[in-house]
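Structural description and commentary
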Amino acid sequence: EILPPTKLDQAGIIYRPGLQHWMVLDDDLNEVTCEEVTCGPKKNRLGKNKAPLPKSLWPPEQKRIQEDLTRCVRMVPHDNDTGGFFIAVLRKIRNFPMSSKQNGNPLVVTPKA
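Conventions adopted
Sequence order as written defines residue numbering, which begins from 1 separately in each chain. A pLDDT threshold of at least 70 governs which residues receive local features in this predicted model, and a stricter bar of 80 or more applies before side-chain atom pairs are shown or counted, although totals over entire chains, interfaces and linings include all residues. Calculation of side-chain values draws on the structure's entire complement of heavy atoms; hydrogens and water are dropped beforehand. Every helix listed is a DSSP run of H or I at least four residues long, and every strand listed is a run of E at least two residues long, numbered separately from the N terminus. Contact criterion: two residues are considered in contact whenever any of their non-hydrogen atoms come within 4.5 Å of each other. Accessible areas in this description were obtained via Shrake-Rupley with a 1.4 Å probe; residue shielding takes into account the shown protein chains only. Any two strands with at least two DSSP bridges between them are considered paired. Salt bridge, as applied in this entry: a Lys or Arg side-chain nitrogen positioned within 4 Å of an Asp or Glu carboxyl oxygen. Patches in this entry comprise residues that are over 30% relatively accessible and not in a salt bridge; like charges within 9 Å are linked, as are nonpolar side chains (Val, Leu, Ile, Met, Phe, Trp, Tyr) within 5 Å. Each residue gets one of three labels from its accessible area relative to the maximum for its type: buried under 20%, exposed over 50%, partly exposed in between, using a 1.4 Å probe on protein chains only.

1. A few points about the overall build of the protein
For the protein, the helix and strand inventory stands at four helices and nine strands. The contacts of the protein with a sequence gap of at least 6 include a subset with a gap of at least 24, amounting to 45%. Accessible surface for the protein amounts to roughly 9,100 Å². Of this, 57% is attributable to carbon and sulfur atoms.

If you want it as structure tokens, here you go:
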């Protein structure tokens with residue numbers, strides 16, 4: 001679960017909400033679509049020597065994830081005279097089963113209180 005940045009509000013820090021949609025640009029600053037550049041080893045719009053770009057560069061398609069992104073924080077250097085940061089405050093809401101690398105059996109990791 002992604003929590004809203006209430007501590008930043010209380011501290012008076014300037015920030016911008018996370019984005020739900022953004023453009024992916026090529027080396028010439030032209031917008032490219034996922035379909036144009038994730039074609040595998042074939043030549044794509046970026047040129048034959050360019051590797052395909054991972055689909056994870058584009059905004060998520062799931063509405064739930066898009067809504068959660070607005071609770072993330074983008075801090076840009078000129079707002080607070082700092083570096084640029086992307087911040088998400090996460091709260092664990094349940095345990096997830098994990099596979100043991102040694103024998104492949106499910107393993108549940110529980111944090112200590």
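2. Points about the sheet that holds strand S2 (residues 16-17)
Taken in spatial order, the three strands of this open sheet run S2-S5-S6, and their pairing is antiparallel. The sheet is open, and its two edges are formed by S2 and strand S6 (85-87), each paired on a single side. Of the strand pairs in this sheet, strand S5 (residues 73-75) and S6 are connected by three bridges, and their pairing is antiparallel. Bridge pairing links Arg-74 to Phe-86 in S6.

3. Let's talk about the pattern of salt bridges
Going through the model one piece at a time under the given rule, you end up with five salt bridges. The structure contains a network of salt bridges with shared partners spanning Arg-64, Asp-68 and Arg-71.

4. Notes on a nonpolar patch on the surface
A cluster of nonpolar residues, Met-23, Leu-25 and Leu-29, forms a patch on the protein surface that exposes about 330 Å² of accessible area. By the element assignment, Met-23 lies in the loop between S2 and strand S3 (24-25). Overall, the relative accessible area of 53% leaves Met-23 in the exposed class.

5. With respect to the environment of Ile-93
Considering the arrangement of structural elements, one finds Ile-93 in the loop between strand S7 (89-90) and strand S8 (97-99). By relative accessible area, which is 55% here, Ile-93 ends up exposed. Residues Ile-93 and Glu-1, 92 residues apart in the sequence, show an inter-C-alpha distance of 6.8 Å.

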